[in-house]
Amino acid sequence: MTDLEGTGALVRLILRRDRIRIFIWVAGIVLLVALTATSVRSLFPTQAAIDQAAAATQHNAGAIAFNGPAQGLDTLGGQVAFQVGALGMVIVALMSLFMIGRLTRGDEEAGRLELIRSLPVGIHTPAFAAVLTVTGMDIVVGGLASLALVALGLPAAGSLVLGASYTAVGLVFTGLALVAAQVTESTRVVYGSTGALLGVAYIMRVVGDVGDGTLSWFTPIGLAQKARPYAGETWLPLLPLLAAAVTFVLAAVALARRRDHGRGLIAPRRGRAHATPSLGRPVGLALRLQRGTLIGWGIGIAVAGIAYGWIAPTIGSFVANNKALADVMASGGGATLIDSYFATSFRVMALVATGFAIQSALRLRSEEAATRAEPVLATPISRWRWATSHLSVAVAGSVALLAIAGLATGVTYAAAGGPWSSVPRLLGAAVVYAPAMWLMIGIALAVFGFAPRWADTAWGVLAACLVVGLLGPVLRLPDWVQLLSPFERVPQLPAAHLAVTPLLVMVALAAAFALAGLGGLRRRDFG
Amino acid sequence: MAPAVSVTGLFKRFGTTRAVNGLDLTVETGEVHGFLGPNGAGKTTTIRILLGLLRADAGSVVLLGGDPWRDAVELHRRLAYVPGEVSLWPNLSGGEVIDLLGRLRGDLNRRRRDDLLERFELDPRKKARTYSKGNRQKVGLVAALASDAELLLLDEPTSGLDPLMEAVFQDCIREVKSQGRTVLLSSHILAEVEALCDRLSIIRMGRSVESGTLEEMRKITRTSITADLATSAESLADLPGVHGLTVQGSRVSFDVDSEHLDEAVRRLGELGVRSLVCHPPTLEELFLRHYGDELAREPELSRPAGALVDRGATR
């Protein structure tokens, strides 16, 4: 086993350097599951309340699209699994792919692995140590989530299966990220490609669950949900996931043998000898640096929009066939079910697309930390101009992503049988989220301007907005807490009327934050 | 003409660390000025203050007649900078980076760019991700040297270059100097400093220790002498200004303070010289004398940074 010499020491190194990161991921996910379970229990105190909720969601294709198949909804556990099952799996998958990318290709790209590899450690040791650590995290997350659910009084068998399905999905993406890390030389591409696969896995599940269910069997998240926690558990569907994870890791090992250290399997193409004219201004540079990221996000959002648009007509027909549900919807403010569904879709897509907005704004910080901004600022480019160049990509890119979401949803909906007049309506319903995204960019910029080392806290703000946006009602957060998230202030078009005031306030706040951040940047030491 | 760079009493601290501690530095217009000091002496911090990336805590800094913090943009039209560790955007090619920086500065000289690429043997089409350390450094050098900037700020610009490229670099700097442009060259390669610099400043622990031409510095220090004598060399030990006398049979070697050189040579003559080797201190010896001696004593003495200057003055 000389290929794996020194694994123990490297695992200890990872645990030492990433102990805070590991703790935040694991504790955050377990806490989210536990909080959701607590809230669901207080939301539905009696079996009658649970039955009522089950009846309302049983045939609600919108809820099924977001959460997963309706199974065991007439039990408390079933409701918990419905609310936090798919979401938890997505977060565990993100944890796994970010950790693997960072510990393998990230270290290799930064040149840190070279030093390690010069020591008596095996060729596969760094990757193996990373896989061991992340596998451990997946198992601990699943195990602690199960324990928490049992401690909260839910049936042990279902709790174990739900926890195990988190672990299984996490392991699949651990393996996938490891394969990606062999293929490409760029850590960014590892995150991007594996993240895109996660998006595809989620969307295939949406289409499968809303349709005849076939597609769900071919995606990790859909398959994991077939283990039916709290609804007649069966462990069988988790086995192919484990097999897939092992296969991916073995494939990565085989691929790793075919490549040189520091290189990927795909050789980078040669670049241009001369820069194109656009690459002569800060905005041109910012656009060039962020182009790949923006295109990746654009494709992801387009696929999501197409999926949501495609299943929309199904939702309309549910209402037609379900008088009870139509009554519930009608009593809830007069909006049609389909409009509520669209409003929820756009809120989810806007929250997800804000990931791009923050990544794009924080590009300023990564350029500074990698000292790549230094030669630019040593030319007659002011800090203001340099910062606003990346900022304009973030601001305009946000609008572009929302427009893509609206158009993809609207056009697909119309093509699938909806009215074409809904295309501009849905476009507007998507773009109305732009001020909220700008506000998030402003917050990121303010932190960057005054406390650059803490710039990553902007991700924490987005995580809080995601929790509020996706689980706010379930967690029964007080209204004032929910309204702290700008996404909750956006008028829920097309289900609600357009209210301009909150949008204007958000634009003003975004501008104020951004200006403050730029002011801080101009006054502080750089680098 | 006003100096290109004039720094007096510069202070900069990061938390509790005093990176720059009362530094003085004057770079005359048109000269190549060597900027020497051990790792962590504050060279890079000083250069980053000159670039307006960091703000001075105290002291006066005048660069090309302006304030580098306040007038950064205007001043940067007139200077070019090469960092000691050139970080590039991994997915841009070297040629793209050179064009980009030149255009941002506003004075990309196309012909000189292509000429420099050839001289430095740099492939402009390779992605920055695949460049070695030396090649990344070349990208930074070509980007800076392709400009007509009147001041070049070079922070250990040749780290990672091979000797052939080092020679190309020295040629380029001589050309820059012949055009009357100014260079501030921070370097650890003493042969490079010796070959290129008109004047140099040595700093240590954030303070200036010495400044002047190499000749001036040599004058205030010692000359090394090795001789083969006909008679006993014992009487040399009584001479004023003699240090480190070693006698091996008829062979003797010692250092002598410059002001006592005359006397020492006369005494050697009296003793009967069979062979004589005499050389002024190399820059390396100067450098080691400043740091080697002092650093070795540092732990036991742990004196404030100012003490070195006092010793220099009394020697």
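Everything numeric in this text was worked out from a predicted model, so none of it was measured.

S.K.: Honestly, the pattern of salt bridges in this entry has me stumped. Any pointers?
M.R.: Opposite charge on two side chains allows them to pair when their charged atoms are near. Going through the model one piece at a time under the given rule, you end up with 38 salt bridges over all chains. Ionic pairing is found between E368 of chain A and R365 of chain A, a salt bridge with its closest N-O pair at 3.1 Å. Residue E368 of chain A and its partner R365 of chain A are both found in helix α15 (residues 363-369); the two are separated by three residues, about one turn of the helix. Residues E368 of chain A and R365 of chain A agree in their burial class; the two are buried. Residue E374 of chain A pairs with R48 of chain B through a salt bridge whose shortest N-O separation is 2.2 Å. Within this pair, whereas E374 of chain A is found in helix α16 (residues 373-377), its partner R48 of chain B is found in helix α1 (residues 43-50), the two belonging to separate chains. We classify R48 of chain B as buried; its relative accessible area is 13%. Each member of the salt-bridge network shares a partner with another, and the members are D99, R110, R113 and D114 of chain B.

S.K.: Would you take a moment to explain helix α8 (residues 156-183) of chain A for this structure?
M.R.: Because each turn of an α-helix spans 3.6 residues, side chains separated by three or four positions in sequence point in the same direction. Between its first and last C-alpha, α8 of chain A extends 41 Å over 28 residues, near the 40 Å set by a 1.5 Å rise per residue. Summarising burial for α8 of chain A: 24 of the 28 residues are buried, a large majority.

S.K.: Before we go on, may I ask you to explain the pairing of strand β8 (residues 199-204) of chain B in this structure?
M.R.: Regular strands have side chains that alternate between both faces of the sheet. Residues and elements named next belong to chain B. Of all six residues making up β8, five are buried, and the element is well covered by its neighbours. In this sheet, β8 lies alongside strand β3 (residues 32-36) in parallel orientation, the contact comprising four bridges. Paired with H33 across the bridge in β8 is R199.

S.K.: Teacher, can you tell me more about the environment of E488 of chain A here?
M.R.: Residues and elements named next belong to chain A. Tracing the chain through its elements places E488 in the loop between α21 (479-482) and α22 (500-523). The class for E488 is buried, based on a relative accessible area of 16%. C-alpha of E488 to C-alpha of R347: the two residues are 141 residues apart in sequence and 8.7 Å apart in space. Here the side chain of E488 touches R347 through a polar contact of 2.5 Å, side chain to side chain.

S.K.: Can you walk me through the sheet that holds strand β2 (residues 17-27) of chain B in this structure?
M.R.: Residues and elements named next belong to chain B. One open sheet accounts for three strands, arranged β2-β1-β4; its pairing is antiparallel. Pairing within the sheet leaves two strands with one partner each, and these edge strands are β2 and β4 (58-63). With strand direction ignored, the average angle separating the axes of adjacent strands in the sheet is 25 degrees. On top of the sheet, α1 reaches β1 (5-14), β2 and β4; it is set at about 115 degrees to β1, its chief contact.

S.K.: Which parts of the structure should I look at to understand the packing of aromatic side chains?
M.R.: Two aromatic rings are characterised by how far apart their centres lie and by the angle between their planes. Residues and elements named next belong to chain A. Taken as a whole and judged by the stated rule, the model has ten aromatic pairs over all chains. Measuring from ring centre to ring centre gives 6.3 Å for F66 and Y341, while their planes differ by 45 degrees; the resulting arrangement is tilted. Here Y341 lies in helix α14 (residues 337-361) and F66 lies in helix α4 (residues 61-67), a separation of 275 residues in the sequence. Taking relative accessible area as the criterion, F66 reaches 13% and is therefore assigned buried.

S.K.: In this structure, what is going on with the interface of chain A and chain B? I would like to understand it.
M.R.: By a frequent convention, interface size equals the accessible area lost on bringing the separate parts together. Taken together, the contact pairs 41 residues of chain A with 41 residues of chain B. At the boundary of chain A with chain B, total buried surface from both sides reaches about 3500 Å², with 54% on carbon and sulfur atoms. When the area that chain A buries against chain B is broken down by residue, the three leading residues are R270, E374 and P380 of chain A, summing to 17%. If you look at where chain A meets chain B, you find six salt bridges. Summed over the shared surface of chain A and chain B, the result is 27 residue pairs in polar contact (both at pLDDT 80 or more).

S.K.: Is there a simple way to think about the side chain of Q170 of chain B in this case?
M.R.: Among the secondary structure elements, Q170 of chain B is positioned in helix α6 (residues 163-178). Of the residues examined, Q170 of chain B reaches a relative accessible area of 13% and is grouped as buried.

Criteria and cut-off values
- Residues numbered from 1 in each chain as written.
- Chains lettered and ligands numbered in written order.
- Predicted model: local features only at pLDDT ≥ 70, side-chain atom pairs only at ≥ 80, totals over all residues.
- Heavy atoms only, no water.
- Salt bridge = Lys/Arg side-chain N within 4 Å of Asp/Glu carboxyl O.
- Helix = DSSP H or I, 4+ residues; strand = E, 2+ residues; numbered from the N terminus.
- Buried < 20%, exposed > 50% of the residue type's maximum accessible area, 1.4 Å probe, protein only.
- Expected span 1.5 Å × (residues − 1).
- Pairing = 2+ DSSP bridges.
- Polar contact = N/O pair within 3.5 Å; in protein donor to acceptor, adjacent residues only side chain to side chain.
- Axes fitted to C-alpha atoms, helices over the stretch in contact; angles between N-to-C directions.
- Contact = heavy atoms within 4.5 Å.
- Phe/Tyr/Trp six-rings, centres within 6.5 Å; stacked < 30°, edge-to-face > 60°.
- Buried area = accessible area lost by both parts, 1.4 Å probe.

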